[in-house]
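# A closer look at the structure
Next come the chains, spelled out residue by residue.
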Amino acid sequence: MPAETRKVARVILLDPDDRILLMHGYEPDNTDITWWFTPGGGLEGDETREEAALRELAEETGITEVELGPVLWQRICSFPFDGRRWDQDEWYYLARTTQTDTDLSGLTGLEQRSVSGLKWWTCAELSAARETVYPIRLAGLLRTLLDEGPPHTPVVLAPEIV
């Protein structure tokens, strides 16, 4: 893993109906390139991944009433975005909330230029989606999570290099 790999905490946020909250993103200079992804982002200063997960969730969605659970999945990914390459070591935390109203006012400048909204998805909707969703195979991962519960130890997902 290169020294510049960014440590990232992401959140698999589920509401009482087991819907997952995803963000709709796009390339800032090309709004035709779009995808859906989980809330989360890079660690700041000496914060833990748990602290980063909760901070990012609050900033990106306005949701603060959260019960943070275990790490579900880990993955290494690398992708081009906003004119540079991002190399990330991502940990995905399970979280539950009853707060389904969202607020995008906490987005950073880059996020304001690359996020068009949030949507709660059922597992069936996610399985039927024809749009790009990250991590890949999220619908199947979510189905397994809902059917079997969280894994005893985090599952290491295949690296995603775009």
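Look up a bit, the structure's there.
Cut-offs used in this document
- Residues numbered from 1 in each chain as written.
- Predicted model: local features only at pLDDT ≥ 70, side-chain atom pairs only at ≥ 80, totals over all residues.
- Heavy atoms only, no water.
- Core = buried A, V, L, I, M, F, W, Y, C linked by side-chain atoms within 4.5 Å.
- Buried < 20%, exposed > 50% of the residue type's maximum accessible area, 1.4 Å probe, protein only.
- Helix = DSSP H or I, 4+ residues; strand = E, 2+ residues; numbered from the N terminus.
- Contact = heavy atoms within 4.5 Å.
- Arc of directions from axis to C-beta.

### Looking at the nonpolar core
- Counting 20 residues, the largest nonpolar core has Ile12, Ile20, Leu22, Trp73, Leu126 and Leu138 as its most contacted members.
- Of all the secondary structure elements, the ones that give two or more residues to this core are strand 1 (6–14), strand 2 (20–27), strand 5 (66–81), strand 6 (84–97), helix 3 (123–128) and helix 4 (138–148).
- Considering each element in turn, this core owes the most residues, five residues, to helix 4.
- Leu126 has contacts with Ile20, Leu22, Trp121, Val133, Leu138, Ala139 and Leu142, leaving out every residue within four places of it along the chain.
- By size, the runner-up hydrophobic cluster in this structure holds twelve residues, among which are Ala9, Leu21, Tyr93 and Trp120.

### Some details on helix 4
- Residues of helix 4 that are buried: Leu138, Ala139, Leu141, Leu142 and Leu145. Considered in projection along helix 4, the buried side chains sweep an arc of 165° and stay on one side of the axis. For helix 4, the exposed residues lying more than 90 degrees away from the buried face are Asp147 and Glu148.
- Buried-residue contacts for helix 4 involve strand 1, strand 2, strand 5, strand 6, helix 3 and strand 8 (133–134).
- Two residues or fewer past helix 4, Gly149 is found with a positive phi of approximately 85°.

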